[in-house]
2 protein chains.
Amino acid sequence: MADPLSRVFSALADPTRRDIVARLAVADATVNELAAPYDVTVQAVSKHLKVLEDAGLVSRSREAQRRPVHLEAEVFDLMTKWIERYRRQAEERYRRLDDVLRAMPDDPPPLEGKPS
Amino acid sequence: MADPLSRVFSALADPTRRDIVARLAVADATVNELAAPYDVTVQAVSKHLKVLEDAGLVSRSREAQRRPVHLEAEVFDLMTKWIERYRRQAEERYRRLDDVLRAMPDDPPPLEGKPS
DNA sequence: ATCGTTGTCAACCGTTCGGTTGCGGAAGAA
DNA sequence: TTCTTCCGCAACCGAACGGTTGACAACGAT
């Protein structure tokens, strides 16, 4: 799964990882702090962080023996751009469909096939 | 994986499924039409559509023996709402950090610990 | 009544995923 | 130095995922 978009969507498909992102939006935190609220091992959370890091959503810097985790919010744009594109396209279709429906009663189009 | 947000993110984490969504944004299509460009079986595409349907991204109506697939774009809002929330929160943090940094040189704050 | 098309369901297979345990490295504290 | 804390890596396990093949239901066409 090489492509960045898949990695980001996939990373956020997990509730625990979304919660981690939510908490990092408030403040940076260490792995142990992040792991505290969940009833899983620290290693499991470390794995989650690796997934988020590979997706570019998070960065880990070095600070003595602590590894403070920081949210990189720019990657969100990747998703919003993709989503907005097709949302708009779908809305555009609705708009055009409305036009067609409005035009219909006055101008019944032939249902393809040679006219008699 | 019960929660809707996980289902939507997970559904879009696959490149084939994102491509299907992209094509459905242009026009409704049948399963065979959708499967044509990919070198997988029709059954595989049918499975992908089930995933998209469970996520609420797509609906399948009945029309003779055809099952036209239709994009339901409203579900996108679920994601954009979630993303925007934390993107804004992160930006807010940056803004406050800037304020702190601007105030720093003039007002070096004590580094927590009883003041002498 | 039979045939061809369209699509789903079920069973299976290899891979990935989320979790565990166990170990080891890096760095401050004693 | 030795101890303790924080954390990542490797190996393993069960569940879920993406794909296949095979069978079958539904419907239009002949």
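Fair warning: this is a prediction, and the values are worked out from it, not measured in the lab.

**Student:** Where do I start with the protein's contact with DNA strand D in this structure?
**Tutor:** Residues in close proximity to DNA strand D total 20 residues, the closest being Asn32, Ser46 and Arg60 of chain A together with Lys47 and His48 of chain B. Here, DNA strand D places atoms within 4 Å of the protein, and 67% of those atoms are sugar or phosphate. A distance of 2.8 Å separates a base oxygen of DNA strand D from a polar atom in the side chain of Gln43 of chain B. In this structure, His48 of chain B approaches DNA strand D through a side-chain N or O atom, which is 2.3 Å from a phosphate oxygen. Broken down by secondary-structure element, the contributors of at least two residues to the surface near DNA strand D are helix H3 (31–35) and helix H4 (42–54) of chain A together with helix H4 (42–54) of chain B. Tallying contributions element by element places H4 of chain B first for the surface near DNA strand D, with 4 residues.

**Student:** Just checking my understanding: could you explain the relation of the copies chain B and chain A for this structure?
**Tutor:** Both copies of the chain are related by one operation, a rotation about an axis with a shift along it. Superposing chain B onto chain A takes a rotation of 180 degrees plus a shift of 0.0 Å along the axis, which leaves an RMSD of 0.0 Å. Taken together, the rotation and translation describe the operation of a two-fold axis.

**Student:** I would appreciate a short explanation of the protein's contact with DNA strand C in the present structure.
**Tutor:** Neighbouring DNA strand C are 21 residues, the closest being Lys47 and His48 of chain A together with Asn32, Ser46 and Arg60 of chain B. Considering the 4 Å shell around the protein, atoms of DNA strand C inside it are sugar or phosphate in 67% of instances. In this structure, Arg17 of chain A approaches DNA strand C through a side-chain N or O atom, which is 2.8 Å from a phosphate oxygen. Side-chain polar atom of Ser46 of chain B to a phosphate oxygen of DNA strand C: 2.5 Å apart, as the coordinates give it. Of all the secondary structure elements, the ones that give two or more residues to the surface near DNA strand C are H4 of chain A together with helix H3 (31–35) and H4 of chain B. Among the elements that line the surface near DNA strand C, the one with the most residues is H4 of chain A, at 4 residues. Split by residue class, the surface near DNA strand C holds 5 nonpolar, 9 polar and 7 charged.

**Student:** Would you explain the pattern of salt bridges in this entry?
**Tutor:** Pairing between side chains of opposite charge can happen when the charged atoms of each approach one another. In total, this model carries 13 salt bridges over all chains according to the counting rule given. Taking the shortest distance from any N to any O, the salt bridge between Arg18 of chain A and Asp3 of chain B comes out at 2.6 Å. With one member in each of two chains, Arg18 of chain A in helix H2 (residues 15–26) and Asp3 of chain B in the segment before helix H1 (4–11) form a pair that bridges those chains. Taken together, the salt bridges that share partners define one network made up of Asp77 of chain A together with Glu84, Arg87 and Glu91 of chain B.

Cut-offs and rules
- All chains use their own residue numbering, which begins from 1 and follows the written sequence.
- Ligands are numbered from 1 and chains lettered from A, in the order in which they are written.
- Note on the predicted model: pLDDT of at least 70 is required for a residue's local features to be given, and 80 or more for side-chain atom pairs to be given and counted; whole-chain, interface and lining totals, by contrast, use all residues.
- Derived side-chain values reflect all non-hydrogen atoms in the structure, with water molecules and hydrogen atoms excluded from consideration.
- Summary of the distance rule: residues count as near a molecule or strand when at least one heavy atom falls within 4 Å of that molecule or strand.
- Any pair of nitrogen or oxygen atoms within 3.5 Å is treated as a polar contact; in protein, a donor-acceptor pairing is required on top of that, and neighbouring residues in sequence qualify only through side-chain atoms on both sides.
- Secondary structure elements are taken from DSSP: a helix is a run of H or I of four residues or more, a strand is a run of E of two residues or more, and numbering for both begins at the N terminus.
- Residues below a pLDDT of 70 in either copy are left out; the C-alpha atoms of the rest, at least 70 in both, set the least-squares superposition of the copies.
- Note on residue categories: nonpolar means Ala, Val, Leu, Ile, Met, Phe, Trp, Tyr, Cys or Pro, charged means Asp, Glu, Lys or Arg, and polar means any other residue, Gly included.
- The term salt bridge refers to a pairing of a side-chain nitrogen on Lys or Arg with a carboxyl oxygen on Asp or Glu at a separation within 4 Å.

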